[in-house]
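Each chain is listed here by its residues.
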Number of protein chains: 2
Amino acid sequence: MAKAKKAELDLSTEEKIKEAASIVFTKKGYGNARTRDIAEEAGINLALLNYYFRSKEKLFQIVMAERIDKLFGVLTPVLNDESTTLEEKLEKITESYINMLLENPDLPIFVLSEIRNNPDQLSNRFQARKHLTESVFVKQLMARRSDLNPFHFLMNLLGMNLFPFVAKPVLQPIVGNEEMYRQLMEQRKKLVPAWMKLILDQG
Amino acid sequence: MAKAKKAELDLSTEEKIKEAASIVFTKKGYGNARTRDIAEEAGINLALLNYYFRSKEKLFQIVMAERIDKLFGVLTPVLNDESTTLEEKLEKITESYINMLLENPDLPIFVLSEIRNNPDQLSNRFQARKHLTESVFVKQLMARRSDLNPFHFLMNLLGMNLFPFVAKPVLQPIVGNEEMYRQLMEQRKKLVPAWMKLILDQG
DNA sequence: AAAATATTTAATCATTTGATTAAATATTTT
DNA sequence: AAAATATTTAATCAAATGATTAAATATTTT
């Protein structure tokens, strides 16, 4: 195979494997996922998987980095947008999260449980604090409510948005079927920002 | 060994093993926990573990049932208390949860991720819906706010209380050290009920 | 067509790990 | 002390699973 086509195919197969790995890892977690599962999901065989990625661990690291980006990528651009108000940020974050999580409901529980298993995974945790405390969002928040710890506010926002998905395996059977759960999440796109504004103004 | 002493010791050793299993399973999850870890944690050997409990799976089922009880046991008695107001229930649930979770921070992520791995685990999910919708809590809630879906309200309450612990591996390094995190949680004992009352009255 | 590369097939390794066994030792009960 | 029971020790099994290998086949490039 020549360079051009090679790169093209490599990317395609590599992408297929990464995609499959992402699905299997996210659904089962690292420990319960078998490389044979991933190969099958990708429609290739085990030998090829090890030919592209040297090991399960390496493949996992790549997938994990992507998944973490996906989970927190929703947050960071909005937090630092100078052109939006605090209220608009609440609306944007909520809508982005709920939309993304409706497509990736297993994502939060996967990332959080894997980080629990291996806390070092989050190597940039030092800068995370700095990035957050120096964000436009936190500045706006402190300007408005100097008495309210931004961490509390953020925990509430994330809790309201992420928790229903983290707890979906428990809550969905109680609520009803899949579709009813989706409808509840759709409603929360409007409700969560409204509740958060209450906290912002009077909490 | 005679009956009396036998039962006594059995209980003690069985309890030691269950306690150890609870610790190891909760910290690592089923897939990543090794029976050898559990035996070591219990201060006994692998043979004895399999002598008392026939298999890892059986031991896990027992531990899991206990952990689920611990996680939801906080909720159920308060939800059906006829003698307390809605506001008092919010206060009780929040304080009970935060106190319990400060002692068992890994509990929510463990239970939720294991149920994700094996959704059938929650065999009583049918009655859960009934118990919940017929609870004093939901009746009080609907009497006060017929326009507010109780599931939304419950998701908010649980999200605010449980999510900070579910996300602790991510949030704690950002917030600061262990002690600072604990202080935040202590503050939330007063704050969460206040926020929930806002939602109750004006959301 | 020839060469280069990608992919499959099938077999095999090595390690981990849950589980079992039998014999030895300790502890408790009678 | 004798009997019954609990626990340890050490060895071993069997299955699952991550990983490797070599040869065969398919595909693409030149």
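Here the structure is a predicted model, which is why all the values come from computation and not from measurement.

1. A look at the overall build of chain A
Helix and strand content of chain A: 12 helices and zero strands. Listing each helix as α and each strand as β along chain A from the N terminus yields α-α-α-α-α-α-α-α-α-α-α-α. The principal-axis extents of the C-alpha atoms in chain A amount to approximately 65 × 40 × 30 Å. Buried residues in chain A amount to 48% of all 203 residues. Contacts spanning at least 24 positions in sequence make up 70% of the contacts within chain A whose residues lie at least 6 apart. Charge-centre separation for chain A: the mean point of 29 positive side chains lies 4 Å from the mean point of 27 negative side chains.

2. So, empty space enclosed by the protein
Taken as a whole and assessed by the stated rule, the structure comprises two cavities of 30 Å³ or more. As for the largest cavity, its lining consists of A:L132, A:F151, A:L154, A:M155, B:L171, B:I174 and B:V175. Of the voids in this model, the second largest cavity is the one considered here, and its volume is about 40 Å³. Elements represented by at least two residues in the lining of the second largest cavity include exactly α11 (168-175) of chain A together with α10 (150-166) of chain B. Of the residues that constitute the lining of the second largest cavity, the class distribution is seven nonpolar, no polar and no charged.

3. Observations regarding the domain arrangement of chain A
Residues and elements named next belong to chain A. What the domain assignment lists for chain A is domain 1 (11-54) and domain 2 (60-201). The partner domain 2 presents nine residues to the nine residues of domain 1 that form the contact. Both sides of the domain 1 and domain 2 interface together cover about 790 Å² of buried area, and 68% of this is carbon and sulfur. Our enumeration of links across domain 1 and domain 2 arrives at one salt bridge. Note that K18 and E66 form a salt bridge whose closest N and O atoms lie 3.6 Å from each other. Counting every contact that joins domain 1 to domain 2 gives two residue pairs in polar contact (both at pLDDT 80 or more). Per-class residue counts for the side of domain 1 that touches domain 2 are four nonpolar, three polar and two charged.

4. Considering the relation of the copies chain A and chain B
By a simple turn and slide, chain A fits onto chain B: the slide is 0.0 Å along the axis, the RMSD is 0.0 Å, and the turn is 180°. Both copies of the chain, as the preceding transformation shows, are related through a two-fold rotation axis. Taking C-alpha positions as reference, the residue of chain A nearest the rotation axis is A:G159, located at 2.3 Å. Interface overlap between copies: 100% of the residues of chain A at the interface are likewise at the interface in chain B, consistent with a symmetric, same-surface contact.

The rules behind these values
- Residues numbered from 1 in each chain as written.
- Chains lettered and ligands numbered in written order.
- Predicted model: local features only at pLDDT ≥ 70, side-chain atom pairs only at ≥ 80, totals over all residues.
- Heavy atoms only, no water.
- Helix = DSSP H or I, 4+ residues; strand = E, 2+ residues; numbered from the N terminus.
- Buried < 20%, exposed > 50% of the residue type's maximum accessible area, 1.4 Å probe, protein only.
- Contact = heavy atoms within 4.5 Å.
- Lys, Arg positive; Asp, Glu negative; His and termini not counted.
- Charge placed at Lys NZ, Arg CZ, Asp CG, Glu CD.
- 1 Å grid on protein atoms, 1.4 Å probe; cavity = no way out; pocket = protein on both sides within 12 Å on 5 of 7 lines; lining within 4 Å.
- Points joined across faces, edges and corners; volume = space filled by probe spheres on them.
- Nonpolar A, V, L, I, M, F, W, Y, C, P; charged D, E, K, R; others polar.
- Domains from an automatic or database assignment.
- Buried area = accessible area lost by both parts, 1.4 Å probe.
- Salt bridge = Lys/Arg side-chain N within 4 Å of Asp/Glu carboxyl O.
- Polar contact = N/O pair within 3.5 Å; in protein donor to acceptor, adjacent residues only side chain to side chain.
- Least-squares fit on C-alpha atoms with pLDDT ≥ 70 in both.

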